[in-house]
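# Structural overview for review
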Amino acid sequence: MALQESLARFKKQQEKCQAIASNAAAKHASSRSAAAAQAAPNASRPPVPQIKFSNDTERLQHINSIRKAPAGAQIKRVIDLLYETREAFTPEQINEATYVDMNANKNVFESLRNNPKVNYDGRRFRYKAKHDVKGKDELLSLIKRNTEGILIIDLKDAYPNVMEDLQALKAEAKIWLLSNFDSQEDIAYPNDPRLVGIKVDDDLKQLFRSIELPRDMLDVEKDLQKNGMKPATNTAKRRAAAQVQGISSQSKPKKKKREITKRTKLTNVHMRDLLFGGSS
């Protein structure tokens, strides 16, 4: 009897242990499934980027270097913006585009307001070219109004592709572009079709051809200056540059072919008398 009771108690304890073990296994499985369910939506989300302060620090250092730069450098930065965009900007917009805080720097503000290349209407700043033309047709009209010619340097900043339009007008035979050794002195002239086929009297041609000009360009330029005219060339400057570069500024003069005239024959006769004592 005692043995049977002991076996019964052992059996009950074994069943109890199996129940406890099964409950623990079920709880562990449920916790793992719950954890996997929570991880599933997080896995679909993109990872949150880590905050990096290096880029922002570099930007702030760049802004600080611009605002601590000399006023002239800040003014040039703003004028370059106005020239390249050809748009009007408020001081706040200029600050956003160039980091030049004009409201905080009154010196820069006043310098730009009074700059001859800048137009200020009381609210916005805009680039101001010497000639207010915005396209090829307006450019041609401007050149036609200036019959005595207009300097190319005064047209270069009219609008971005003005030089291409000048070359196009030249190719279309609507203007003349006279070049010289000093590129800044190039001049645009209108091509007047009324001058095509004009006849000049022979007397006027002869008078023009009879005028004796100096052989050296330096003398030509001096004569032009004496008569109140500005030479289109600068020979002294060109020759000095050629000497610096080791290039001969003057070409060798060509030998003039000697023509036989009556005077030449008489001179030869005279020389023969000198050399041979007049013997024939």
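No experiment lies behind these values; they were computed from the predicted model shown.

### Topic: the pattern of salt bridges
Counted under the stated rule, the structure contains 9 salt bridges. The salt bridge partner of Arg59 is Asp56, with a shortest N-O separation of 3.2 Å. Placement of both Arg59 and Asp56 in helix α2 (residues 54–67) is noted, with a separation of 3 residues, approximately one turn of the helix. Here Arg59 falls in the partly exposed class, since its relative accessible area comes to 40%. A residue is classified by how much of its surface remains accessible, and Asp56, at 35% relative accessible area, is partly exposed. Lys130 is the salt-bridge partner of Asp154, the closest N and O atoms lying 3.3 Å from each other.

### Quick notes on the side chain of Thr98
Its location among the elements puts Thr98 in helix α4 (residues 91–98). Within the structure, the side chain of Thr98 is placed 2.7 Å from the backbone oxygen of Ile94, a separation counted as a polar contact.

### Some points on the confidence of the model for the protein chain
When pLDDT is averaged along the protein chain, the result is 77; 66% of the residues meet or exceed 70. Within the protein chain, helix α11 (residues 262–276) has the poorest average pLDDT of any element, 43, and strand β2 (residues 125–127) the best, 95. Every residue in residues 262–280 is under pLDDT 50, and counting partners more than four places away or in other chains gives 6 contacts.

### Considering the environment of His131
As for its placement among the helices and strands, His131 is situated in the loop between β2 and α6 (136–145). His131 sits in the buried class, given a relative accessible area of 18%. Separated by 24 residues in sequence, His131 and Leu155 place their C-alpha atoms 6.8 Å apart. His131 has contacts with Leu142, Ile150, Asp154, Leu155 and Ala158, leaving out every residue within four places of it along the chain.

### What about the packing of aromatic side chains?
Taken as a whole and judged by the stated rule, the model has 4 aromatic pairs. Pairing Tyr120 with Phe125 gives two aromatic rings, centres 4.3 Å apart and planes at 25°, and the pair type is stacked. One aromatic cluster is present, built from ring pairs that chain together Phe109, Tyr120 and Phe125. Over the aromatic face of Phe109 sits the side chain of Lys106, whose NZ or CZ is 6.0 Å from the ring centroid.

Here is what the cut-offs are and how they apply
- Residues numbered from 1 in each chain as written.
- Predicted model: local features only at pLDDT ≥ 70, side-chain atom pairs only at ≥ 80, totals over all residues.
- Heavy atoms only, no water.
- Salt bridge = Lys/Arg side-chain N within 4 Å of Asp/Glu carboxyl O.
- Helix = DSSP H or I, 4+ residues; strand = E, 2+ residues; numbered from the N terminus.
- Buried < 20%, exposed > 50% of the residue type's maximum accessible area, 1.4 Å probe, protein only.
- Polar contact = N/O pair within 3.5 Å; in protein donor to acceptor, adjacent residues only side chain to side chain.
- pLDDT = per-residue confidence, 0-100.
- Contact = heavy atoms within 4.5 Å.
- Phe/Tyr/Trp six-rings, centres within 6.5 Å; stacked < 30°, edge-to-face > 60°.
- Lys NZ or Arg CZ within 6 Å of the ring centre and 35° of its normal.

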